[in-house]
Amino acid sequence: MRRALLAVIAGGALLTGAACDSDAKADPEAAAATRTAPTAATTTSAAPDYSTSTKLVCDKLQTLYSVELRAFGSAMGKMVTYKENKQAADAEKAETTAAGQLKAAATKIRKETSSAEDPDFQAAGKVSASKLESSATDRRYFDRVKTLADLNKTVQAQFNEWLTPVAGYCG
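What you see is a predicted model; the values in this text were computed from it and never measured.

Rules behind the numbers
- Residue positions are given per chain, counting from 1 as you read along its sequence in written order.
- The model is predicted, so local features are restricted to residues of pLDDT at least 70 and side-chain atom pairs to those at 80 or more, both for listing and for counting; the totals for chains, interfaces and linings are taken over all residues.
- Excluded from the side-chain calculations are hydrogens and water; all other atoms, namely the structure's heavy atoms, are used.
- The definition of a nonpolar core used throughout is a set of buried Ala, Val, Leu, Ile, Met, Phe, Trp, Tyr and Cys residues joined through side-chain atoms within 4.5 Å.
- Buried means the residue's accessible area, taken with a 1.4 Å probe over protein chains only, is under 20% of the maximum for its type, while exposed means over 50%, and partly exposed covers the values in between.
- Only runs of H or I of at least four residues qualify as helices and only runs of E of at least two qualify as strands under DSSP, and these elements are numbered from the N terminus.
- Angles here are taken between N-to-C directions and fall from 0 to 180 degrees, while the axes themselves are lines fitted to C-alpha atoms, restricted in helices to the stretch in contact.
- Any angle from 65 to 115 degrees is called roughly perpendicular, while one under 35 is roughly parallel, one over 145 is roughly antiparallel, and all others are oblique.
- Only heavy atoms matter for contacts: two residues are in contact if any of them lie within 4.5 Å across the pair.
- Charged means Asp, Glu, Lys or Arg here, nonpolar means Ala, Val, Leu, Ile, Met, Phe, Trp, Tyr, Cys or Pro, and polar covers whatever is left, Gly included.
- Salt-bridge detection follows one rule: a side-chain nitrogen of Lys or Arg within 4 Å of a carboxyl oxygen of Asp or Glu.
- By definition, disulfides here are pairs of cysteine sulfur atoms that lie within 2.5 Å.

Draft legend 1. Seen up close, the nonpolar core. Counting 30 residues, the largest nonpolar core has Phe-72, Met-76, Met-79, Ile-109, Leu-132 and Phe-142 as the members making the most contacts within it. Residue assignment for this core shows that the elements contributing at least two residues are α3 (51-66), α4 (68-84), α5 (88-114), α6 (119-138), α7 (140-144) and α8 (148-170). Ranked by residues supplied to this core, first place goes to α5 with eight residues.

Draft legend 2. Just the packing of α3 against α4, in detail. At a minimum axis distance of 3 Å, the contact between α3 and α4 shows a crossing angle of 15 degrees. In terms of axis orientation, α3 runs roughly parallel to α4. For the pair α3 and α4, contact is made by Thr-63, Leu-64, Tyr-65 and Ser-66 and by Glu-68, Leu-69 and Arg-70, respectively. Residue composition of the contact of α3 with α4, grouped by class: three nonpolar, two polar and two charged.

Draft legend 3. The arrangement of the pattern of salt bridges in detail. Tallied over the entire structure, the rule returns six salt bridges. For the salt bridge of Arg-139 with Glu-95, the shortest nitrogen-to-oxygen distance reads 3.5 Å. Here Arg-139 is found in the loop between α6 and α7, whereas its partner Glu-95 is found in helix α5, with 44 residues between them in sequence. By relative accessible area, which is 7% here, Glu-95 ends up buried. Between Lys-111 and Glu-112 there is a salt bridge, and its shortest N-O distance comes to 3.7 Å. The exposure class of Lys-111 is exposed, given its relative accessible area of 57%.

Draft legend 4. Region of the structure containing unusual backbone geometry. With phi around 60 degrees, Lys-86 is a residue other than glycine that occupies positive phi space. Within the secondary structure layout, Lys-86 lies in the loop between α4 and α5.

Draft legend 5. Inspection of the state of the cysteines at higher detail. Tallying each qualifying case throughout the model produces one disulfide. Put simply, Cys-58 and Cys-170 are joined by a disulfide, and their sulfur atoms are 1.9 Å apart. Disulfide Cys-58-Cys-170: the torsion about the S-S bond is -85 degrees, which places it as left-handed. Of the two residues, Cys-58 is situated in helix α3 and Cys-170 in helix α8; the sequence distance between them amounts to 112 residues.

Written out as structure tokens, the structure is:
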């Protein structure tokens with residue numbers, strides 16, 4: 001999108017410069033000033049290109065899905081199984097493990113996005129990490145999940161809530 005915008009601006013500057021060339025015979029100094037003014041304006045207003053940095057950070061975050069969040073899902077499955085079998089102590093251990101995986105995911109997001117060049121991506125990483133840490137600490141989500149049906153109904157929405165800020169950059 002940024003590149004398209006820059007192309008439109010550059011194209012507009014070129015058309016303006018070309019239009020001024022037809023007036024060049026009448027007033028060469030005015031035509032030269034007109035051609036350089038739009039070019040200078042587009043150079044100073046162009047947004048930085050963070051795409052390379054963003055891609056690197058997103059590539060590093062891909063392991064989040066295959067390691068921390070997979071381990072979280074496994075611990076949640078165990079927790080539900082223990083709850084359904086009325087094994088409260090084991091369910092509590094599995095819940096603690098799942099909370100630890102959320103904290104690990106938050107740490108990874110915070111660490112990786114802090115190296116992003118885009119300050120908005122850094123801020124999004126902080127938001128996602130805070131959401132994960134909050135859920136790991138207050139554990140209301142865990143209390144709502146008592147059966148596999150509960151887990152299946154809520155897990156996608158919960159992942160969306162936690163990861164949407166960061167996913168907007170890695171989509």
